[in-house]
Amino acid sequence: GENVEQHPSTLSVQEGDSAVIKCTYSDSASNYFPWYKQELGKRPQLIIDIRSNVGEKKDQRIAVTLNKTAKHFSLHITETQPEDSAVYFCAAMNSGGYQKVTFGTGTKLQVIP
Amino acid sequence: DTAVSQTPKYLVTQMGNDKSIKCEQNLGHDTMYWYKQDSKKFLKIMFSYNNKELIINETVPNRFSPKSPDKAHLNLHINSLELGDSAVYFCASSKPPDTEAFFGQGTRLTVV
């Protein structure tokens, strides 16, 4: 089955700096890679996703890159703000199969004002 | 206009009891899921249903039994609760081929 590794597990940055979270996956059949943000006591919510036919996607201050050959993908947050503080999860799935989503272990991001 | 709602939000119960968590979605999605999030925040899929049929059943004790009366509902019944069952349980739904999963607000289960 799919195995998703995520690093780092915790990340502290100064407000305004960039944050990068990296994930690797094992199943070459995975073709959809979402990123979820979970604020304290809240539900996970999708912030950005990328499909395997795209190498990079950007949405304002967040961007995701995908390297299919190396089986890794990354989340980049620029100009971080205190409200970016949360736990971020990467995930991988094969959208053509049973849509089983395998999550990474999460990264707790703290943005220091 | 809540998209995915689950009840109750908090559940405190004694070991050995049987309890249920209900989930409903009004998004017209075909696929629903149950996830368990432990104290370390790991999100692990437990079950997935597509149009009321079970399609994913991870290695979950038989004490956990999902039931889907229709494609808008997926309930989770837990028998003989154990201390290790304490966690936050999230229901979610999606509509293939769109793959974004919409999560409920979670149910914090505490077994004492």
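First things first, this report covers the structure right here in the doc. Note that this is a predicted model, so its numbers are computed, not measured. (Residues numbered from 1 in each chain as written. Chains lettered and ligands numbered in written order. Predicted model: local features only at pLDDT ≥ 70, side-chain atom pairs only at ≥ 80, totals over all residues. Heavy atoms only, no water.)

## Brief notes about the overall build of chain A
Then step 1. When helices and strands are counted, chain A shows 0 helices and 11 strands.
Then step 2. Order of helices (α) and strands (β) in chain A, N terminus to C terminus: β-β-β-β-β-β-β-β-β-β-β.
Then step 3. Scaling as 2.2 N^0.38, a compact globule of 113 residues should have a C-alpha radius of gyration of about 13 Å, and chain A matches this with 13 Å.
Then step 4. Projected onto its principal axes, the C-alpha coordinates of chain A cover approximately 40 × 30 × 20 Å.
Then step 5. For chain A, restricting intrachain contacts to residue pairs at least 6 apart in sequence, the fraction spanning at least 24 positions comes to 53%. (Helix = DSSP H or I, 4+ residues; strand = E, 2+ residues; numbered from the N terminus. Rg over C-alpha atoms; globule rule 2.2 N^0.38 Å. Contact = heavy atoms within 4.5 Å.)

## Side note on the environment of A:Tyr25
All names here are of chain A.
Then step 1. Structurally, Tyr 25 is set in strand β3 (residues 19–25).
Then step 2. For Tyr 25 and Lys 68, which are 43 residues apart along the polypeptide, the C-alpha to C-alpha distance reads 9.5 Å.
Then step 3. In contact with Tyr 25, not counting residues within four places along its chain, are Glu 2, Asn 3, Val 4, Ser 30, Phe 33, Leu 66, Asn 67, Lys 68, Lys 71, His 72, Phe 73 and Ala 92.

## Observations concerning the state of the cysteines
Residues and elements named next belong to chain A.
Then step 1. Overall, the coordinates contain 2 disulfides over all chains when judged by the stated rule.
Then step 2. Disulfide pairing is shown between Cys 23 and Cys 90; the S-S distance is 2.0 Å. The sign of the S-S torsion, about -100°, decides the handedness of the disulfide formed by Cys 23 and Cys 90: left-handed. In this pair, Cys 23 is assigned in strand β3 and Cys 90 in strand β9 (residues 86–92), connecting sequence segments 67 residues apart. Each member of the pair Cys 23 and Cys 90 is classed as buried. (Disulfide = S-S within 2.5 Å. Buried < 20%, exposed > 50% of the residue type's maximum accessible area, 1.4 Å probe, protein only.)

## Details of the environment of B:Tyr33
Residue and element names in this part refer to chain B.
Then step 1. Here Tyr 33 lies in strand β4 (residues 31–37).
Then step 2. Spatially, the C-alpha atoms of Tyr 33 and His 73 are 10 Å apart, while their sequence positions differ by 40 residues.
Then step 3. There is a polar contact of 2.7 Å between the side chain of Tyr 33 and the side chain of Ser 94. (Polar contact = N/O pair within 3.5 Å; in protein donor to acceptor, adjacent residues only side chain to side chain.)

## Quick notes on the pattern of salt bridges
Then step 1. Counting across every chain of the model gives 7 salt bridges over all chains.
Then step 2. Ionic pairing is found between A:Asp84 and A:Arg61, a salt bridge with its closest N-O pair at 2.9 Å. With A:Asp84 in the loop between β8 (72–77) and β9 and A:Arg61 in the loop between β6 (56–59) and β7 (62–67), this residue pair connects regions lying 23 residues apart in the sequence.
Then step 3. Judged by its relative accessible area of 22%, A:Arg61 falls in the partly exposed class.
Then step 4. In this structure, B:Lys95 and B:Asp30 form a salt bridge, with 3.5 Å as the shortest nitrogen-oxygen distance. Here B:Asp30 lies in the loop between β3 (19–25) and β4 and B:Lys95 lies in the loop between β9 (87–94) and β10 (102–103), a separation of 65 residues in the sequence.
Then step 5. B:Lys95 gets classed as partly exposed once you look at its relative accessible area, which sits at 35%.
Then step 6. B:Asp30 sits in the buried class, given a relative accessible area of 16%. (Salt bridge = Lys/Arg side-chain N within 4 Å of Asp/Glu carboxyl O.)

## Topic: the nonpolar core
Then step 1. Residues A:Trp35, A:Phe73 and A:Leu109 are the most contacted members of the largest nonpolar core, which totals 23 residues.
Then step 2. Listing elements by their share of this core, those giving two or more residues are β2 (10–14), β3, β4 (32–38), β5 (45–51), β7, β8, β9 and β11 (107–112) of chain A.
Then step 3. In this structure, B:Trp34, B:Leu76, B:Ile78 and B:Val111 belong to the second largest nonpolar core, which totals 20 residues. (Core = buried A, V, L, I, M, F, W, Y, C linked by side-chain atoms within 4.5 Å.)

## A look at the interface of chain A and chain B
Where the parts come together, the accessible area they lose is often given as the size of the interface.
Then step 1. Listed as interface residues are 17 residues of chain A and, on the opposing side, 22 residues of chain B.
Then step 2. Here chain A is connected to chain B by 0 salt bridges.
Then step 3. Taken together, chain A and chain B are joined by 3 residue pairs in polar contact (both at pLDDT 80 or more).
Then step 4. It is β4(A) that provides the largest number of residues to the side of chain A that touches chain B, a total of 3 residues.
Then step 5. When the residues that make up the side of chain A that touches chain B are grouped by side-chain class, the tally is 9 nonpolar, 4 polar and 4 charged. (Nonpolar A, V, L, I, M, F, W, Y, C, P; charged D, E, K, R; others polar.)

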